[in-house]
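Take a look at the letters that make up each chain.
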Amino acid sequence: GTTIHLSSNASIIFKDQVQSNGLDDSNINFVKSDKDPWGVIALIGKETEGSIFEFTNFSGGSGGNYDGYEFTGMFSIYSSKNINLSNLSFSDNAQYDDLIHILYSSGIKLSDSYIYDGRADLIDIDISEMEIVNCIFKNSGNDAIDAMTSNVKITDTYISEVGDKGLSAGESSVVSVFNLTFDNTQIAIQSKDGTHVSVSDSKFFNNKLQLDAYQKNWRYGDGGKIEVDNS
């Protein structure tokens, strides 16, 4: 039931384990205190391993710089592992690209959450390992899910009203998709540069282009691959 009001450019940087334990009928909220966006909420380093955020909402942030780090995500996890994110909402970021940014991390799980109204990408996953389960991604200026050099598993998730790609995967990523719905995107799935995307039991509605696999960067020596089954 706690609400944290953050003023313009204010950030909270965690360097140790965090437990944000809201309840279904009494969420924790991180919100802006006035019209200007706050900065970033970030977890940095191995000491944050095992952190938990549940029934917590984040809105009205942006990104920023701290101690040599440049954060492009309103909520960021850098160089950590085994973080459990469940029953969360993320929305309404400004200035910077991502609502959520995961970098150099593993064992990150996002479940039963609503990620929406993003300035550009809703979630950016770079050089990381992550699982996304039973989430809704809606209304992004750019991509809903963007993976680079990452291993990502996505199940039981709905993606809609996307300005560019529902799922963009590149730079030797491995992505598995099960029971997803892609609705009203420019490109539902794009795979490039040595990336393999496997899709099963999924639905594609109202997308200008369903699948796009190609080579963008010659350094990876191969284009993208997409395998689709029972969809």
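Residues numbered from 1 in each chain as written. Predicted model: local features only at pLDDT ≥ 70, side-chain atom pairs only at ≥ 80, totals over all residues. Heavy atoms only, no water.

## Focus on the nonpolar core
Ranked by internal contacts, the top residues of the largest apolar core, which has 47 residues, are Phe75, Phe90, Leu110, Phe137 and Ile145. Leaving out residues up to four positions away in the same chain, Ile145 has contacts with Ile123, Ile125, Ile132, Phe137, Ile154, Ile159, Gly166, Leu167 and Ser168. Val40, Ile44, Phe71 and Tyr78 belong to the second-largest nonpolar core, a separate cluster that totals six residues. (Core = buried A, V, L, I, M, F, W, Y, C linked by side-chain atoms within 4.5 Å. Buried < 20%, exposed > 50% of the residue type's maximum accessible area, 1.4 Å probe, protein only. Contact = heavy atoms within 4.5 Å.)

## Some points on the sheet that holds strand E9 (residues 73-78)
Strand order in the open sheet formed by nine strands is E2-E5-E9-E11-E14-E17-E19-E21-E24, and the pairing between neighbours is parallel. Two strands close off the open sheet at either side, each with one partner strand: strand E2 (12-14) and strand E24 (209-214). Ignoring strand direction, the axes of neighbouring strands in this sheet form an average angle of 10 degrees. As paired elements, strand E19 (residues 165-170) and strand E21 (residues 187-192) share four bridges and run parallel to each other. By the bridge assignment for E21, Leu167 is matched with Ile189. (Pairing = 2+ DSSP bridges. Helix = DSSP H or I, 4+ residues; strand = E, 2+ residues; numbered from the N terminus. Axes fitted to C-alpha atoms, helices over the stretch in contact; angles between N-to-C directions.)

## Overview of the pairing of E19
Within E19, six of the six residues are buried, leaving the element largely enclosed by the surrounding structure. The pairing of strand E17 (residues 145-148) with E19 spans four bridges and is classified as parallel. Bridge pairing in E19 links Asp146 to Ser168.

## Comments concerning the pairing of strand E15 (residues 129-133)
Taken together, the four bridges between strand E12 (residues 106-111) and E15 define a ladder with parallel strand orientation. Its bridge partner being in E15, Leu110 is matched across the sheet by Ile132.

## Considering the packing of aromatic side chains
We describe a pair of aromatic rings using the distance from one ring centre to the other and the angle between the two ring planes. Applying the stated criterion to the full structure yields twelve aromatic pairs. Between the aromatic rings of Phe182 and Phe204, the centroid separation amounts to 5.2 Å while the plane-to-plane angle is 10 degrees, which identifies the pairing as stacked. Highlighted residues: Phe182 in strand E20 (residues 174-183) and Phe204 in strand E23 (residues 203-205), separated in sequence by 22 residues. Assessed through its relative accessible area of 0%, Phe182 is described here as buried. Site record: aromatic cluster; members linked through ring pairs are Phe14, Phe30, Phe53, Phe58, Phe75 and Phe90. (Phe/Tyr/Trp six-rings, centres within 6.5 Å; stacked < 30°, edge-to-face > 60°.)

## Overview of the side chain of Lys192
Its location among the elements puts Lys192 in strand E21. For the buried Lys192, no salt bridge exists, and the shortest N-O distance to an oppositely charged side chain is 5.3 Å, to Glu171. (Lys, Arg positive; Asp, Glu negative; His and termini not counted. Salt bridge = Lys/Arg side-chain N within 4 Å of Asp/Glu carboxyl O.)

## Observations concerning the side chain of Ser86
With respect to the secondary-structure elements, Ser86 resides in strand E10 (residues 81-91). Accessibility expressed as a relative area gives 9% for Ser86, which makes it buried. For Ser86, the contacting residues outside a window of four places in its chain are Phe53, Glu54, Phe55, Ser111 and Ser113.

## A word on the environment of Lys15
Topologically, Lys15 is positioned in the loop between E2 and strand E3 (19-21). With relative accessibility at 44%, the residue Lys15 sits in the partly exposed group. In contact with Lys15, other than residues within four places in its own chain, are Ile44, Glu47, Thr48, Tyr66 and Asp67.

Nothing here speaks to function; it is geometry throughout.
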